[in-house]
Amino acid sequence: MASNAAVPFWRAAGMTYITYSNICANLVRNCLKEPYKTDALSREKVHFSISKWTDGKPEKPSFCSVFIRSLHLPDMVANL
Amino acid sequence: MLRRASMLLACRSILAARARPFSTDLPAAPSADATFTEAWTKVIPNMDPPKTPLSFMQPRPPTPSSIPSKLTVNFVLPYASELATKEVDMVIVPATTGQMGVLPGHVATIAELKPGVLSVHEGSEMTKYFVSSGFVFIHANSFADIIAVEAVPLDRLDVNLVQKGLAEFTSKLSSATTDLEKAEAQIGIDVHSALNSALTG
């Protein structure tokens, strides 16, 4: 049968829908007026903890809390 | 011989199709799990069966035989529920295929949303929200579930920031090198131009 319809430009560039949707949401949040903007920025935060494993045992985990905008996940995972 | 086999297959599939109702006509959903309670009472007749998640949920209303007069809208965000089973006359959603008006009795549809304005029409009042992206699920029983990551009323948006962002991303597009950067710049342009037309239009 016919192949899939033309993929959206972001998927052709290797981005997933979730990444696209989060980028859109961040851009909208950055255009808010002042009291709402500071409330919204707290929603952007991603809290996670990373622990490296060596010899089958986990090392001490490091807790981070980062704005999703500054997060480039593929690079981060590669640097682990 | 092969012709007879294909005829038999065709007959069987036609019969099956006639017997099966449309998957978009929803019957009322059960509010208790019948199979589970039966199996429980068979094994442990003395204790009451525990409640399953199904019994805590509100059952899905059936597809009415005549078109209802109001559309029931659930508009949810990850952090809040904007509208919860609100009865409205019409909603206009910014689908990727264009502005889509949803009236009661709309055919069951799943639509992806693009950044744009969502308007809820109730009587003579109209509430507008700017939606960043999301999905709308329209069910056959005139229930519409709109889910979005970020939705703001238009008066919370700052025009200057929008125009600054538009200029910034337009310049980023021309200076972008990798595919990913180009895609991000293009997304920025789409979102900011949608914001711009929402605020000025």
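Definitions and cut-offs
Residues numbered from 1 in each chain as written. Chains lettered and ligands numbered in written order. Predicted model: local features only at pLDDT ≥ 70, side-chain atom pairs only at ≥ 80, totals over all residues. Heavy atoms only, no water. Helix = DSSP H or I, 4+ residues; strand = E, 2+ residues; numbered from the N terminus. Buried < 20%, exposed > 50% of the residue type's maximum accessible area, 1.4 Å probe, protein only. Phe/Tyr/Trp six-rings, centres within 6.5 Å; stacked < 30°, edge-to-face > 60°. Contact = heavy atoms within 4.5 Å. Buried area = accessible area lost by both parts, 1.4 Å probe. Salt bridge = Lys/Arg side-chain N within 4 Å of Asp/Glu carboxyl O. Polar contact = N/O pair within 3.5 Å; in protein donor to acceptor, adjacent residues only side chain to side chain. Pairing = 2+ DSSP bridges. pLDDT = per-residue confidence, 0-100. Patch = residues over 30% accessible without salt bridge, like charges linked within 9 Å, V, L, I, M, F, W, Y side chains within 5 Å. Areas by Shrake-Rupley, 256 points an atom, 1.4 Å probe, with all protein chains shown as cover. Expected span 1.5 Å × (residues − 1). Arc of directions from axis to C-beta.

So, on to unusual backbone geometry. Here Asp55 of chain A, not a glycine, exhibits a phi torsion of approximately 55 degrees, which is positive. For Asp55 of chain A, the position within the fold is in the loop between strand S2 (53-54) and strand S3 (57-58). According to the relative accessible area criterion, Asp55 of chain A is exposed, its value standing at 78%. Phi is positive for Thr85 of chain B, which is not a glycine, with a value near 45 degrees.

Moving on to the packing of aromatic side chains. Residue and element names in this part refer to chain A. All told, the structure shown has seven aromatic pairs over all chains when counted by the stated rule. Taking the centre distance of 4.6 Å and the plane angle of 10 degrees together, the rings of Trp10 and Tyr20 count as stacked. Here Trp10, found in helix H1 (residues 9-12), pairs with Tyr20, found in helix H2 (residues 17-30); they are ten residues apart in sequence, far enough to count as distant.

Next up on the list: the interface of chain A and chain B. Across the contact, 21 residues belong to chain A and 29 residues belong to chain B. Taken together, both faces of the contact between chain A and chain B bury some 2,200 Å²; the carbon and sulfur share is 72%. For the pair chain A and chain B, the interface holds one salt bridge. The salt bridge partner of Arg29 of chain A is Glu150 of chain B, with a shortest N-O separation of 2.5 Å. Seen at the junction of chain A and chain B, the total is six residue pairs in polar contact (both at pLDDT 80 or more). Counting only elements with at least two residues in the side of chain A that touches chain B, the list comes to H1, H2 and helix H3 (34-44) of chain A. With eleven residues, H2 of chain A is the single largest residue contributor to the side of chain A that touches chain B.

Note that strand S1 (residues 71-76) of chain B and strand S2 (residues 81-88) of chain B share five bridges and pair antiparallel. Note that in S2 of chain B the partner of Thr72 of chain B across the bridge is Glu87 of chain B.

What follows deals with the confidence of the model for chain A. When the pLDDT values of chain A are averaged, the result is 77; 72% of them are 70 or greater. Mean pLDDT values over the elements of chain A span from 51, in helix H4 (residues 73-79) of chain A, up to 90, in H2 of chain A.

Together, Val43, Ile44 and Met47 of chain B make up an exposed nonpolar region whose accessible area comes to about 290 Å². Mapped onto the fold, Met47 of chain B is located in the loop between helix H2 (34-43) and helix H3 (53-56).

On to the side chain of Ser132 of chain B, then. Topologically, Ser132 of chain B is positioned in the loop between strand S7 (125-131) and strand S8 (134-138). Overall, the relative accessible area of 0% leaves Ser132 of chain B in the buried class. Among residues more than four places away in sequence, those in contact with Ser132 of chain B are Cys24, Ala25 and Val28 of chain A together with Lys114, Pro115, Val149 and Glu150 of chain B.

To continue, consider the pattern of salt bridges. Two side chains with opposite charge may pair up if their charged atoms get near one another. In this structure the tally under the stated criterion is four salt bridges over all chains. Connected through shared salt-bridge partners, Lys70, Asp89 and Glu122 of chain B make up one network.

Here we take up the pairing of S8 of chain B. The alternating pattern of S8 of chain B places Gly134, Val136 and Ile138 of chain B on a buried face, while none of Phe135 and Phe137 of chain B, on the opposite face, is buried. Between the antiparallel neighbours S8 of chain B and strand S9 (residues 143-148) of chain B lie four residues, among them Ser142 of chain B with a positive phi of about 60 degrees.

Turning next to helix H4 (residues 159-175) of chain B. The end-to-end C-alpha separation of H4 of chain B is 25 Å, in line with the 24 Å expected for 17 residues at 1.5 Å each. Among the residues making up H4 of chain B, those that are buried are Val162, Gly165, Leu166 and Phe169 of chain B. One face of H4 of chain B carries all of its buried residues, which in axial projection span an arc of 105 degrees. Summarising the geometry of H4 of chain B, the exposed residues directed more than 90 degrees from the buried face are Asn160, Lys164, Ser174 and Ser175 of chain B. In this fold, the buried residues of H4 of chain B make contact with H2 of chain A together with helix H5 (179-200) of chain B. Residue Asp158 of chain B occupies the N-cap position of H4 of chain B, its side-chain oxygen lying 3.3 Å from the main-chain nitrogen of Asn160 of chain B.

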